[in-house]
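Secondary and tertiary structure notes
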Amino acid sequence: MPFLQQYGEVDVFLSGSNSNLNAALPVKFRSNGMSLFYGNRGGLDYRKMLMAFSPIRIWNEAKSLPVEKYDVVINDFESITSLACRLKKVKSINFGHQASFMSPHTPRPSRKDPAGEIVLKNYAPATTYTGLHFEKYDDFILPPVIKNQILQADPKDLGHITVYLSHYSDEVVTAALQKLDGLQFEVFSKKIKTKTTIGNITYIPVSSDAFNQSMIHAQGIITGAGFETPAEALYLGKKLMCLPIRGQYEQLCNAEALKRFDVPILYSLDDQFSTQVQSWLTGPGHKPLTLSHSTYEIVQQVMEKARNVHPDTLMNDRINSPFVLG
């Protein structure tokens, strides 16, 4: 955000109804959007997702979102912003991890999911794309944006394992980790309100700062196969184990990419979990993540693409009116 703000005033459209973190952003517009909800045993809660889906609300929100008043619209895979741009014939840039899947070279599972491919390519279409991924699989794909707290960290191994598995209930995670009583775990939970230690598990309320500190000082990290946390773990040189969310095609694709870094991928918390964790901790390390571009350079490339999309309005370094981040 500070690098974007060097080009002009930034307004944020924040979409989604299942976040557990407060966004420290200049939010001007909000929506429940279209969100993914998780069950208790590693998969999606389709019933809850269907109940939250309202085509009429989404259509009305898209019509009322004033994207036509902005010089630049940068969209991080957000469907209402994308629909608003199509309705009002406004050009936009899809910037973020999901944009990388516009390339056929970005890793996929051995068996592609046709429905998953349709979602990745049509959920939030844009005029042009700048993707972020673990490696440069195509010419429009750049390395991850790593937050300063991680870039400037002094990683240490204080002996615990950081765990964030939002797609499993605390009860399921606890049952699996208690069998590893010789190891210490810091589990980030959406349910608890205060830090609590029971046996070999310390439960911590979901918090960005607390999670970053836990990860920086961890022996290893067990999490889903998302993008930001695995990228940060690899950058820190931490051991990483990932359990992709069942039914979420993007995470299955990420899992394939992570295998190239020698990251173990588990598809369930089953009876083999204890053995798999012990083998992971005593086994070799992972391939390191290298950053070929700084955040400043990444934003420069995004804004250069914006100038190509809007050559008449973006002649100067500074933008005349605000732009919106969807």
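Thresholds, definitions, all that
Residues numbered from 1 in each chain as written. Predicted model: local features only at pLDDT ≥ 70, side-chain atom pairs only at ≥ 80, totals over all residues. Heavy atoms only, no water. Helix = DSSP H or I, 4+ residues; strand = E, 2+ residues; numbered from the N terminus. Buried < 20%, exposed > 50% of the residue type's maximum accessible area, 1.4 Å probe, protein only. Axes fitted to C-alpha atoms, helices over the stretch in contact; angles between N-to-C directions. Parallel < 35°, antiparallel > 145°, perpendicular 65-115°, else oblique. Left-handed = near helix turned anticlockwise from the far one by under 90°. Contact = heavy atoms within 4.5 Å. Nonpolar A, V, L, I, M, F, W, Y, C, P; charged D, E, K, R; others polar. Pairing = 2+ DSSP bridges. Polar contact = N/O pair within 3.5 Å; in protein donor to acceptor, adjacent residues only side chain to side chain.

1. What about unusual backbone geometry?
Backbone geometry places Phe77, a non-glycine residue, at a positive phi of 55°. Relative to the elements of secondary structure, Phe77 occurs in the loop between β3 (73-75) and α4 (79-88). One non-glycine residue, Lys89, lies in positive phi territory at about 55°. Residue placement: Lys89 occurs in the loop between α4 and β4 (93-96). Owing to a relative accessible area of 75%, Lys89 belongs among the exposed residues under this scheme.

2. Overview of the packing of helix α3 (residues 55-64) against α4
Running from amino to carboxyl end, α3 crosses α4 at an angle of 60°, the nearest separation of the two axes being 8 Å. With respect to α4, the axis of α3 lies oblique. Handedness of the α3/α4 crossing: right-handed. Between α3 and α4, the residues in contact are Ile58, Trp59, Glu61, Ala62, Lys63 and Ser64 and Ile80, Leu83, Ala84, Leu87 and Lys88, respectively. Looking at side-chain class alone, the contact of α3 with α4 contains 7 nonpolar, 1 polar and 3 charged residues.

3. Some words on the packing of helix α8 (residues 208-216) against helix α9 (residues 228-236)
In the contact formed by α8 and α9, the axes pass within 10 Å of each other and the chain directions differ by 35°. Read as a crossing pair, α8 and α9 show a hand that is right-handed. Contacts between α8 and α9 pair Phe211, Asn212, Met215 and Ile216 from the former with Thr229, Glu232, Ala233 and Leu236 from the latter. Tallied by class, residues from the contact of α8 with α9 come to 5 nonpolar, 2 polar and 1 charged.

4. Points about the sheet that holds strand β9 (residues 196-198)
An order of β9-β10-β8-β7-β11-β12 is seen for the 6 strands of this open sheet, with the pairing classed as mixed. In the strand order of this sheet, the two ends are held by β9 and β12 (239-242), each with one partner. On average, each strand axis in the sheet is tilted by 20° relative to the strand beside it, whichever way the strands run. Sheet topology places strand β7 (residues 160-164) next to strand β8 (residues 184-189); 4 bridges connect them, and they run parallel. Paired with His160 across the strands is Gln184, a residue of β8.

5. Concerning the side chain of Asn200
Mapped onto the elements of the fold, Asn200 is located in the loop between β9 and β10 (201-205). A residue is classified by how much of its surface remains accessible, and Asn200, at 7% relative accessible area, is buried. Here Leu183 takes part through its backbone oxygen, which lies 3.1 Å from a polar atom of the side chain of Asn200. Discounting chain neighbours no more than four positions away, the residues touching Asn200 are Leu177, Gln178, Leu180, Asp181, Leu183, Gln184 and Phe185.

The values are spatial; any link to function lies outside them.
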